[in-house]
Amino acid sequence: GSIRCKARKLGLERTSCYYEPTFPHLADIEKAYIAGLFDGEGCIHISLNKLSSRAKHRYHKLEIIIANTNKEILHYLFSTFGGRITQNSIRKNQQTCFSWRMSTKEACAFLKIIYPYLKIKKQQADIAIHFQSEIQYTGKVISTDIYNKRELSRNLLIKLKGKHLRL
């Protein structure tokens, strides 16, 4: 049998381990700069996975993205906060564009750091932080009520982004 079966027979259960990501201390001016960058070039997204043979049930995931042609600023974000950098597909007659991405708890912790300095994406950050703070990682299939609450957050964010709020 598998390790899970043996553990179950022994009466062992997997417990969820919650941790709060930690980032280096930043000066207020750095936080303000990053918030301005995020307001202009960033995106907050709650995705809903597609069912596949690997994923037996649907789930929501918070993700933040900053896209830019300047790879240097994205490397600064990566070295400061982690995450990952990807190269976007290149279109004819356009510069190469890169994206810095973070998801789930790390994305929420990042948003909390820059939150006081956000102008354009403050309401979106409210939804994202609330969404992520409600998630309990159990590895079990969630109830319909919890799924619907998460879907409501996703739809609120989509609706808010559709308004193209500006200062």
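See the structure above.
Conventions we followed
- Residues numbered from 1 in each chain as written.
- Predicted model: local features only at pLDDT ≥ 70, side-chain atom pairs only at ≥ 80, totals over all residues.
- Heavy atoms only, no water.
- Core = buried A, V, L, I, M, F, W, Y, C linked by side-chain atoms within 4.5 Å.
- Buried < 20%, exposed > 50% of the residue type's maximum accessible area, 1.4 Å probe, protein only.
- Helix = DSSP H or I, 4+ residues; strand = E, 2+ residues; numbered from the N terminus.
- Contact = heavy atoms within 4.5 Å.
- Phe/Tyr/Trp six-rings, centres within 6.5 Å; stacked < 30°, edge-to-face > 60°.
- Lys NZ or Arg CZ within 6 Å of the ring centre and 35° of its normal.

Caption draft 1: Spatial organisation of the nonpolar core. The biggest cluster of nonpolar side chains holds 33 residues, and the ones touching the most others in it are Phe38, Ile44, Ile64, Phe81, Trp100, Phe110 and Leu111. Residue assignment for this core shows that the elements contributing at least two residues are α2 (28-41), β1 (42-48), β2 (60-68), α3 (71-81), β4 (98-103), α4 (104-114), α5 (122-133) and α6 (144-162). Considering every element that reaches this core, the biggest residue donor is α4, with six residues. Beyond its immediate sequence surroundings of up to four residues, isoleucine 44 is in contact with Phe38, Leu62, Glu63, Ile64, Leu111, Lys121, Gln124, Ala125, Ala128, Leu157 and Lys161.

Caption draft 2: Structural view of the packing of aromatic side chains. Across all of its chains, the model carries five aromatic pairs by this definition. For the pair phenylalanine 81 and tryptophan 100, a centre-to-centre distance of 6.3 Å together with 50° between the ring planes defines the contact as tilted. Of the two residues, phenylalanine 81 sits in helix α3 while tryptophan 100 sits in strand β4, which places them 19 residues apart along the sequence. Under the relative-accessibility criterion, phenylalanine 81 is labelled buried at 5%. Ring geometry for phenylalanine 81 against phenylalanine 110: centres 4.9 Å apart, planes inclined by 90°, an arrangement best described as edge-to-face. In this pair, phenylalanine 81 is assigned in helix α3 and phenylalanine 110 in helix α4, connecting sequence segments 29 residues apart. Here phenylalanine 81 and phenylalanine 110 have matching classes, each one buried. Chaining the aromatic ring pairs together yields one cluster made of Phe23, Phe38, Phe81, Trp100 and Phe110. One residue, lysine 122, lies across the ring of tyrosine 115, its end atom 4.6 Å from the ring centre.

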